[in-house]
Amino acid sequence: MYAITVAEPGGPENMRWTEVEDPKAGPGEVVLDVVASAVNRADLLQREGNYPPPPGASEIIGLECSGRVAELGPGVEGWSVGDEVCALLAGGGYATKVAVPAAQLLPVPPGVDLTTAGSIPEVACTVYSNVLMKAGLAAGETFLVHGGSSGIGTHAIQVAKALGARVAATASPTRFDVCRELGADIVLDYDGDVPAGLKDATDGHGADVILDNMGAKGLAANVSALAVDGRLMIIGMQGGVKADLNIGALLVKRASVTAMGLRGRPVDGPQGKGAVVSGTRDVVWPLFGEGSVRPVVHARFPMSDAAEAHRTLAAGGVIGKLLLLAP
């Protein structure tokens, strides 16, 4: 098969489209002929040497893909060769073939074509596991997502709105309309006073659930923006890893701060990727069928030109996801 390899950690210029050994389907796994993958912020970190794959995972970059089942490993049931699917990966997506645990397979969402489905698993499973599975966002609650025009943001806005939440999003002013079109009730300038703006828009209530990818930089403001019994979910460290936490503010609000990753989880178990994928299929996939959630794809690149896709994401201005198309 062919795959993107990284000669040494560093810039996009170190990425190469090269021939490598085909993957094999182990027990409980399938091999997919990849149709498309997508670019995530974590991919840029891995390319730079700052986000290594979990033990035993493929060294090839790529956390999601769509494709067709080419081979079934021992013990796999419920799937057949030729099935069109998409998949959550621990690695290996930037390639023409990938081995993946069958528990991490999803059917192509209703109303979505096979290629575009490659942009969905990572954002859908991230939003489901954090916002619904862990934080328990309920209808009528207020949900705030930072970076509303990002891949995570565009999906989170739609899912939260479809499930009956009041949705707030931060973005640059040039992207306010995008967030509103996706369903955001409140849009705030991420460079402004977000807690004050949110409380003003919610009559002082604040956010019941916040999904944040910045980490340290936004911690104090996020705690301030939380409502009583609020839940802050941190999924990224773009704004650093260390910050002061006002425990008193949390105690007064009975609030919680949770940091959760997805890639390093085991496949099995109540918090495993299999459970996340199953829940995502049960709760989120019907929303695609209803038309209340749709994928947002900014641009498509040949997979062999993944370096240019990385440059595009790093440069900013991307709304939604970037797709990589396998030959």
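Going by the structure above, here's the rest.
An account of the accompanying structure is given in this report. Fair warning: this is a prediction, and the values are worked out from it, not measured in the lab.

Right, let's talk about the nonpolar core for a bit. By size, the foremost hydrophobic cluster in this structure holds 49 residues, and its most contacted members are L137, F143, I157, L211 and W285. Other than its neighbours up to four places away in sequence, F143 contacts V131, L137, A156, A160, A165, R166, V167, A168, V209 and L211. C65, L89, V98 and V100 belong to the second-largest nonpolar core, a separate cluster that totals 34 residues.

A word on helix α2 (residues 121–134). The largest bend in α2 is about 30°, located at Y128. Along α2, the positions that sit buried rather than exposed are P121, E122, V123, A124, C125, T126, V127, Y128, S129, N130, V131 and L132. Remark: G136 follows α2 within two positions and exhibits a positive phi of approximately 65°.

All right, on to empty space enclosed by the protein then. For the structure on display, the rule yields 2 cavities of 30 Å³ or more. There is about 90 Å³ of room inside the largest cavity. In this structure, the largest cavity is lined by 13 residues; those nearest its centre are V123, H155, R294, P295 and V296. The biggest single contributor to the lining of the largest cavity is helix α3 (residues 151–162), with 4 residues. When the residues that make up the lining of the largest cavity are grouped by side-chain class, the tally is 6 nonpolar, 5 polar and 2 charged. The volume enclosed by the second largest cavity comes to roughly 40 Å³. Lining the second largest cavity, in full, are V145, H146, G147, S150, I152, G153, L211, N213 and I235. Partitioning the lining of the second largest cavity into residue classes produces 4 nonpolar, 5 polar and no charged.

Rules behind the numbers
- Residues numbered from 1 in each chain as written.
- Predicted model: local features only at pLDDT ≥ 70, side-chain atom pairs only at ≥ 80, totals over all residues.
- Heavy atoms only, no water.
- Core = buried A, V, L, I, M, F, W, Y, C linked by side-chain atoms within 4.5 Å.
- Buried < 20%, exposed > 50% of the residue type's maximum accessible area, 1.4 Å probe, protein only.
- Contact = heavy atoms within 4.5 Å.
- Bend = angle between axes of the 7 residues up to and from the residue.
- Helix = DSSP H or I, 4+ residues; strand = E, 2+ residues; numbered from the N terminus.
- 1 Å grid on protein atoms, 1.4 Å probe; cavity = no way out; pocket = protein on both sides within 12 Å on 5 of 7 lines; lining within 4 Å.
- Points joined across faces, edges and corners; volume = space filled by probe spheres on them.
- Nonpolar A, V, L, I, M, F, W, Y, C, P; charged D, E, K, R; others polar.

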